[in-house]
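# Coordinates in review
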Amino acid sequence: MKIELNKRILDKNEECALQNANFFAEHNITCINVISSPGSGKTTTLGRTIRDLADKIKIGVIEGDIFTDTDAEKIRAAGAPAVQIETKGSCHLSAQQVTAALSAIPAETLDIIFIENVGNLVCPSDFALGENARVVILSVPEGDDKPIKYPGTFAKADVVLINKIDLAPYIDFDLDRVIKDIKAVNHEAPIFQLSATTGDGMQQWYDWLVAQIKCKK
Amino acid sequence: MHETMVAQSIFEIILEQAKQYNTTAVSATISCGQFNPINDEVLNFAFEIIAKDTPCEGMTLEIIHIPLRAICKGCKNEFDFDVYKPMCPMCESCEFDFAQDAELLLENIELKDPDTK
């Protein structure tokens, strides 16, 4: 007996993501899902962003890691509220986990919530969390072949940050190739070259970020 | 390893159907796009473990990978996007738009006929 279902397999996650999106809308919050490899500088980028924009926008962070709350500690040290989700082995965040974390974040006081996903360029891209936008970070030492190896993740990005650009002179990294490969799968997303350590190029990222709040409000 | 979560979701949907008809499941057809691909081997392995000792045990999963269509901005040619050669095969332009990528779908399932159980 054959039964035609044509059912979206990740429907449950999608439903939950929609609830999260409603929560963000009700609280007038812009939510940004941050996806990258481990060690690309997600936490450092967010830490610097929080410090540099402290007078302009109120930021909160939901941290996703397999184990430990060291990233949440770093965010708190930068001056923002942070909630840590420990996935205990799971390689990506699901919308349900974010829903649980939202009850612990002081949403009334915030303009932006960043969700720092588990470091992984594969799995997080299939799971909507209710975000308004996705940022994908690629760092120079990871190599210039990442966009072509993980096209799905780059295709779904709303903005791409090429981090640790200060290291480019010391590493065999073909920037033109990276930009060409990103554009092959994603014509829309702006690509910003920056260094969260030196601060170079951060302003264009901040301008983009502030525009996200404005275009939503 | 998002395949484990995909396997879990598929399992829950099929189990519900099998229970509803008071029978066991034989096979299922799943389809996915190019930007949300699944690894056939890993999905099958995860599903096998989840389905053990349930009405879904021993099921076969057919996984269809649907090509992503692209439309050349220049010559309007429509083609299957190839990540290794991201250009229009007619005019070799790199300027093209994507059609909607296929969703991750559980298309259909085959249940054992309840009477022949």
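Residues numbered from 1 in each chain as written. Chains lettered and ligands numbered in written order. Predicted model: local features only at pLDDT ≥ 70, side-chain atom pairs only at ≥ 80, totals over all residues. Heavy atoms only, no water.

### Focus: the interface of chain A and chain B
Cut-off, in case you're wondering: Any pair of residues with heavy atoms lying within 4.5 Å of one another is described as a contacting pair. Each of two parts loses accessible area, computed with a 1.4 Å probe, when they are put together; buried area is these two losses added. Salt bridges are defined by distance alone: a side-chain nitrogen of Lys or Arg within 4 Å of a carboxyl oxygen of Asp or Glu. As used in this structure description, the phrase polar contact means that two N or O atoms lie within 3.5 Å; if the pair is within protein, one of them must be able to donate a hydrogen and the other to accept it, and residues adjacent in sequence are counted only when both atoms belong to side chains. A run of DSSP states H or I qualifies as a helix once it reaches four residues; a run of E qualifies as a strand once it reaches two. Both are numbered from the N-terminal end. Ten residue types, Ala, Val, Leu, Ile, Met, Phe, Trp, Tyr, Cys and Pro, are classed as nonpolar, four, Asp, Glu, Lys and Arg, as charged, and the remainder, Gly among them, as polar. When DSSP locates at least two bridges between a pair of strands, those strands are taken to pair.
On the chain B side, the residues contacting the 27 residues of chain A number 32 residues. When chain A packs against chain B, close to 2700 Å² is buried across both sides, 65% of that on carbon and sulfur atoms. Our count for the chain A to chain B interface comes out at two salt bridges. At the boundary of chain A and chain B, one finds 13 residue pairs in polar contact (both at pLDDT 80 or more). If you list the elements that add at least two residues to the side of chain A that touches chain B, you get strand 1 (2–8), helix 6 (151–155) and helix 7 (175–185) of chain A. The element that contributes the greatest number of residues to the side of chain A that touches chain B is strand 1 of chain A, accounting for seven residues. Here the side of chain A that touches chain B is composed, by residue class, of 14 nonpolar, six polar and seven charged. Looking at chain direction, strand 1 of chain A and strand 6 (residues 105–111) of chain B are connected through five bridges and run antiparallel. Across the sheet, residue A:Ile3 finds its bridge partner in strand 6 of chain B, namely B:Ile109.

### Examining the packing of aromatic side chains
The condition is simple: Two rings from Phe, Tyr or Trp (for Trp, the six-membered ring) form a pair when their centres sit within 6.5 Å of each other. Planes less than 30 degrees apart are called stacked, planes more than 60 degrees apart edge-to-face, and all others tilted. Residue burial is assigned from relative accessible area. The probe radius is 1.4 Å, only protein chains are included, and a residue is buried under 20% of its type maximum, exposed over 50%, and partly exposed in between.
Enumeration according to the criterion identifies 10 aromatic pairs over all chains in this entry. Between A:Trp205 and A:Trp208, the ring centres sit 5.7 Å apart and the planes meet at 15°, which makes this aromatic pair stacked. Of this pair, A:Trp205 and A:Trp208 both sit in helix 8 (residues 202–216), separated by three residues, roughly a single helical turn. For A:Trp205, a relative accessible area of 1% puts it in the buried group. Using a relative accessible area of 12% as the deciding quantity, one classes A:Trp208 as buried. Relative to B:Phe98, the ring of B:Phe35 lies with its centre 5.6 Å away and its plane at 90°, an arrangement referred to as edge-to-face. Placement of the pair is B:Phe35 in the loop between strand 1 (25–32) and helix 2 (40–51) and B:Phe98 in strand 5 (residues 96–98), with a sequence separation of 63 residues. By relative accessible area, B:Phe98 is classed as partly exposed at 24%. Through a chain of ring-to-ring contacts, the aromatic side chains of B:Phe35, B:Phe79, B:Phe81, B:Phe96 and B:Phe98 assemble into a single cluster.

### Looking at the pattern of salt bridges
Opposite charge on two side chains makes pairing possible when the charged atoms of those side chains draw close. All names here are of chain A. Evaluation of the coordinates by the stated rule reveals 19 salt bridges over all chains. A salt bridge links lysine 74 to aspartate 71; the shortest N-O distance between them is 3.9 Å. With lysine 74 and aspartate 71 both in helix 3 (residues 70–77) and three residues apart, this pair spans about one turn of that helix. When its relative accessible area of 10% is taken as the criterion, aspartate 71 is described as buried.

### As for the pairing of strand 1 of chain B
On a regular strand, each side chain points to the face opposite its neighbour's, so the side chains alternate between the two faces of the sheet. Residues and elements named next belong to chain B. Heads up, the rule is: When the strands point away from the viewer and the connection leading from the first strand across the helix to the second strand turns clockwise, the crossover is called right-handed.
Burial within strand 1 is extensive, with six of its eight residues counted as buried. Where strand 1 lies against strand 6, six bridges are found, and the strand directions are antiparallel. Paired with serine 31 across the two strands is leucine 105, which belongs to strand 6. As judged from the six bridges shared by strand 1 and strand 2 (residues 60–65), these two strands associate in the parallel manner. Residue pairing for strand 2: serine 31 is matched across the bridge by isoleucine 64. Of the crossover connections in this fold, the one passing from strand 1 over helix 2 to the parallel strand 2 is right-handed.

### Things to note about unusual backbone geometry
The backbone of A:Thr68 shows a phi angle near 75°, a positive value even though the residue is not glycine. Within the secondary structure, A:Thr68 sits in the loop between strand 3 (59–65) and helix 3.

### Some words on a nonpolar patch on the surface
Residues and elements named next belong to chain A. Applied cut-off: Like charges are joined within 9 Å and nonpolar side chains (Val, Leu, Ile, Met, Phe, Trp, Tyr) within 5 Å, but only among residues with over 30% relative accessible area and no salt bridge; these make up the patches. Residue exposure ignores everything except the shown protein chains as possible cover, and the areas themselves are Shrake-Rupley values with a 1.4 Å probe.
On the surface, a nonpolar cluster with roughly 300 Å² of combined accessible area is contributed by Leu167, Tyr170 and Ile171. Among the secondary structure elements, isoleucine 171 is positioned in the loop between strand 7 (159–163) and helix 7. On the basis of relative accessible area, isoleucine 171 is assigned to the partly exposed category, the value being 30%.

### A short note on the packing of helix 2 (residues 42–52) of chain A against helix 3 of chain A
Residue and element names in this part refer to chain A. Applied cut-off: Angular values range over 0 to 180 degrees, each being the angle between N-to-C directions of two axes fitted as lines to C-alpha atoms, with helices fitted over their stretch in contact. Every angle not falling under 35 degrees, over 145, or within 65 to 115 is termed oblique; those three ranges are roughly parallel, roughly antiparallel and roughly perpendicular. Definitions for this section: a left-handed crossing has its near helix turned counterclockwise from the far helix by less than a right angle. A right-handed crossing has that turn clockwise.
Where helix 2 meets helix 3, the closest approach of the two axes is 9 Å, and the angle between their N-to-C directions is 20°. On the basis of their axis angle, the class for helix 2 and helix 3 is roughly parallel. In the crossing of helix 2 with helix 3, the sense of the turn from one axis to the other is right-handed. Counting all contacts with helix 2, which are made through Thr43, Leu46, Gly47, Ile50 and Arg51, the residues of helix 3 involved are Asp71, Lys74, Ile75 and Ala77. When the residues that make up the contact of helix 2 with helix 3 are grouped by side-chain class, the tally is four nonpolar, two polar and three charged.

By themselves these figures say nothing about function.
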